[in-house]
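Below are the chains, spelled out letter by letter.
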Amino acid sequence: MASIFCCFRGCASFLDLGFATPAVPIKKQPTIALDQQQIGQEVVLVKDGSRICGTGGALGNTAIMQDKAYFEVRLQQSGIWGIGLGSEKADLNTVPMGNDTDSWVMCSDGYLRHNKEETHHITQLPQEGDTIGVSYNHIELNFYLNGQKLDCPFTNVRGQVYPAVYVDDGAVLDVVFDNFVHDPPPGFDKIILSNCLS
């Protein structure tokens, strides 16, 4: 008998007999991604703000407020690119980033740049398919290549900062804010969404 009513209830919406419950809209939870409002003029963001291509930079849609944050970037296509952190004042139209006081980036040529200075140079350059990890604890900004720490930290990052990436010359980057390929360093976790997005 119960199965008859279940069938009837399923058909009720088809017959519109008034038994169907109204659809309740599901509120989509905000997610961390690259910010459509904080991009260079020639930047294209696709895949819900997780892929950047074109020319210029982009910032994440939330500042890093927690003590120990981590995110990853997958190098989908080679070209000129950079990965790191930037403030809201970072120049997102100039490539490479790192030529102002508001961005700290590891660049595709292996140099770490900030304020027109090259602070470190890595010899093992990332290739297509590699994953670059980024950790930040408000003291050091570190980079990882396929899970291995590169030991070339920035120690002069100041102020409120956001994940920052830039591309040029055909580069394509996928920015990953959860479901990482490599485990974050001990004590680090994905970026927590700030209150302004929730």
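Residues numbered from 1 in each chain as written. Predicted model: local features only at pLDDT ≥ 70, side-chain atom pairs only at ≥ 80, totals over all residues. Heavy atoms only, no water.

**Digging into the overall build of the protein chain**
A tally of helices and strands in the protein chain yields one helix and 14 strands. Expressed as a percentage of its 198 residues, the buried residues of the protein chain come to 43%. Within the protein chain, counting contacts between residues at least 6 apart in sequence, those at least 24 apart form 64% of the total. (Helix = DSSP H or I, 4+ residues; strand = E, 2+ residues; numbered from the N terminus. Buried < 20%, exposed > 50% of the residue type's maximum accessible area, 1.4 Å probe, protein only. Contact = heavy atoms within 4.5 Å.)

**Side note on the environment of A33**
With respect to the secondary-structure elements, A33 resides in the loop between α1 (2–15) and β1 (34–39). In the structure, A33 is positioned twelve residues away from L45 in sequence and 9.8 Å away in space, judged by C-alpha atoms. When residues no more than four places from it in sequence are discounted, the contact partners of A33 are D48, G49, L59, G60, N61 and F177.

**Here's the deal with the pattern of salt bridges**
Evaluation of the coordinates by the stated rule reveals four salt bridges. K47 is paired through a salt bridge with D174; the nearest N and O atoms lie 3.7 Å apart. Residue K47 is located in the loop between β2 (42–46) and β3 (51–60), and its partner D174 is located in strand β13 (residues 172–176); the two are separated by 127 residues in the primary sequence. Measuring nitrogen to oxygen at the nearest pair gives 3.0 Å for the salt bridge that ties E118 to R113. Here the salt bridges share partners, and the residues they tie into one network are K47, R51 and D174. (Salt bridge = Lys/Arg side-chain N within 4 Å of Asp/Glu carboxyl O.)

**Things to note about the nonpolar core**
Of all hydrophobic cores here, the largest spans 36 residues; its most connected members are I52, F71, W81, I83, L141, F143 and L173. When residues of this core are assigned to their parent elements, the largest contribution, four residues, is made by strand β4 (residues 69–77). Setting aside residues up to four positions removed in sequence, I52 forms contacts with L34, V43, V44, L45, G57, A58, V165, V167, A171, V172 and L173. Of all hydrophobic cores here, the second largest spans ten residues; its members include A90, L92, V105 and Y162. (Core = buried A, V, L, I, M, F, W, Y, C linked by side-chain atoms within 4.5 Å.)

**What about the side chain of S103?**
Position of S103 among the secondary structure elements: in strand β6 (residues 103–107). On the basis of relative accessibility, which here comes to 0%, the residue S103 falls in the buried class. Within the local environment of S103, its side chain forms a polar contact with the side chain of D100, the two groups lying 2.7 Å apart. The residues contacting S103, other than those within four sequence positions of it, are L85, G86, A90, M97, G98, R113, H114 and N115. (Polar contact = N/O pair within 3.5 Å; in protein donor to acceptor, adjacent residues only side chain to side chain.)

**Thoughts on the pairing of β4**
As judged from the six bridges shared by β4 and strand β9 (residues 131–136), these two strands associate in the antiparallel manner. Following the sheet pairing, Y70 is matched in β9 by S135. The pairing of β4 with strand β14 (residues 189–190) spans two bridges and is parallel. Directly across from Y70, in β14, lies its bridge partner K190. Pairing of β4 with β13 involves five bridges; the strand directions are antiparallel. Within the sheet, the bridge partner assigned to V73 lies in β13 and is V175. (Pairing = 2+ DSSP bridges.)

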